[in-house]
Amino acid sequence: MVNPMTAVPSAQVATVSRAGELSLTLLGATGSIGSSTLDLVRKNRDRFRVEAVTAQRSAAALAKLARDVGARLAVVGDESCYGELKDALGNSGIEAAAGEEAIVDAARRPAEWVMAAITGAAGLRPTMTALERGATIALANKECLVCAGALFMRRAQEIGAIVLPVDSEHNAIFQALSAGRRADVSRIILTASGGPFRTASLEQMRAATVQQALRHPNWSMGAKITIDSATLMNKGLEMIEAKWLFNLQPGQVQVVIHPQSIIHSMIQFEDGSIKAQMGLPDMKLPIQYALAFPRRIASSFPRYDFRKPGTLTFEEPDVKTFRNLTLATEALFKGGNLPCVLNAANEIAVFAFLRNRIGFLDMTDLVERTMQHVPFIEHPTLEEYFESDGEALNFAASLIKL
Ligand code: NAD
Ligand code: MG
């Protein structure tokens, strides 16, 4: 058995496949991915033990789930929520902590498997910390790789840590890769649903409301990624994520619109053969795959039924309307700190859109102007990534009066 991405030899993969319980930490436990992960943990209690759970603000919800799964530590990022967390944990015996550093400390605790499900670049430091001590990383937080993918994957290789993609497209590619030799991959084809505005005109998009943008046709997710799916920035971020995860040249990453979201992504090998991974759109599938890797756990998830009439369709993405894809492609090819800058500007843009401070199409303009403003660094250090992130956040915020 070989880890298809980092070619980790079988002896190391075997460390996550022993019969006893697996210890877990969940970074971003109260979110959409965090909640789905916890549902799976509850269903398979004998297999898992929870070390730490973290959230940014929702102290009551965090305390409830920490009690529910018997976590040893619960951490809120926002220090003003500490009292509420401590009270809600009462005499449960679960440790409470608060603050950004406390989240990093939680990642340092000795859990074998860490779900990285914090939203945004805020997930980078805790996830890197877990990686540095050799934990298996179940990676939902794509922004980690968008911001610092070169460093992140290099460290994973050096340490021999396993990175299991949870993003459905990357999980699909990871699964499909076991069908052939990595060296024989010609390109990968990321599928995109096209989001709620796939057939909308520019005028309709200019007038799009937050409610309309939050109505994703196929997936139920946190607000940030749902808006990214409506602008197709999510697919742009995923192109960059794929480049680092699978060590690809930018030109090997292709995007196709597939509105039904049944094919989660594909690999084309040198001989022209295509391997796809398919299933109904439900994030529990890739999360469970990462929990059970390299085995599988039987599930009662609904199955896609080929006997029922249905159509799978494919379209070329409209990069003139969805300019975010063009911007992300530029960042993908140029590399350096540009993807980090794109990501930071996008975080501000989505934040502002969700609060009705800017319009739907303004988000792209904000990202473009920030990419033009922040100086390019070809080979940034981790600290330079953080600086570029900060600079881009500040500049993008200065363009709108937040
Ligand atoms: P969400 O908004 O539902 O949850 C985010 C979690 O992170 C919450 O627990 C929140 O408290 C915590 N958090 C937010 N900001 C934080 C900060 N600054 N510091 C510390 N903790 C913070 O998000 P989600 O939809 O679960 O997505 C999480 C990550 O997974 C994102 O990177 C997203 O792109 C990725 N992802 C999500 C899905 C999905 O279906 N939801 C699919 C693929 C990838
Ligand atoms: Mg995805």
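Up top you'll find the structure we're talking about.
Residues numbered from 1 in each chain as written. Chains lettered and ligands numbered in written order. Predicted model: local features only at pLDDT ≥ 70, side-chain atom pairs only at ≥ 80, totals over all residues. Heavy atoms only, no water.

Asks: Please set out the coordination of the magnesium ion (ligand 2) residue by residue, giving values where relevant.
Replies: Ligation of the magnesium ion (ligand 2) by protein atoms is provided by Asp167 (OD), Glu169 (OE) and Glu238 (OE), these donors lying 2.1 to 2.2 Å from the ion. In the primary sequence, the donor residues of the magnesium ion (ligand 2) line up as D-x1-E-x68-E. Residue Asp167 is located in the loop between strand 7 (163-165) and helix 8 (168-177), and its partner Glu238 is located in helix 12 (residues 233-245); the two are separated by 71 residues in the primary sequence. Each member of the pair, Asp167 together with Glu238, is buried. (Donors = N, O, S within 2.8 Å, 3.2 Å for Na, K, Ca; no water. Helix = DSSP H or I, 4+ residues; strand = E, 2+ residues; numbered from the N terminus. Buried < 20%, exposed > 50% of the residue type's maximum accessible area, 1.4 Å probe, protein only.)

Asks: Help me get a handle on the packing of aromatic side chains, residues and values and all.
Replies: Inspection of every chain in the model, using the stated rule, returns six aromatic pairs. Relative to Phe293, the ring of Tyr289 lies with its centre 6.0 Å away and its plane at 50°, an arrangement referred to as tilted. Directly above the aromatic system of Phe386 lies the positively charged group of Arg125, at a separation of 4.1 Å from the ring centroid. (Phe/Tyr/Trp six-rings, centres within 6.5 Å; stacked < 30°, edge-to-face > 60°. Lys NZ or Arg CZ within 6 Å of the ring centre and 35° of its normal.)

Asks: Give a detailed account of the side chain of Ser23, specifying residues and quantitative values.
Replies: Along the polypeptide, Ser23 turns up in strand 1 (residues 22-27). When sequence neighbours within four positions are dropped, the list of residues in contact with Ser23 reads Arg49, Pro110, Ala111, Glu112 and Trp113. (Contact = heavy atoms within 4.5 Å.)

Asks: Outline the pattern of salt bridges, listing residues and values.
Replies: Counted according to the given criterion, the structure contains 25 salt bridges. Between Glu51 and Arg49 there is a salt bridge, with the nearest N and O atoms lying 3.1 Å from each other. Residues joined by salt bridges that share partners form a network here, namely Asp39, Arg42, Arg45, Asp68 and Lys284. (Salt bridge = Lys/Arg side-chain N within 4 Å of Asp/Glu carboxyl O.)

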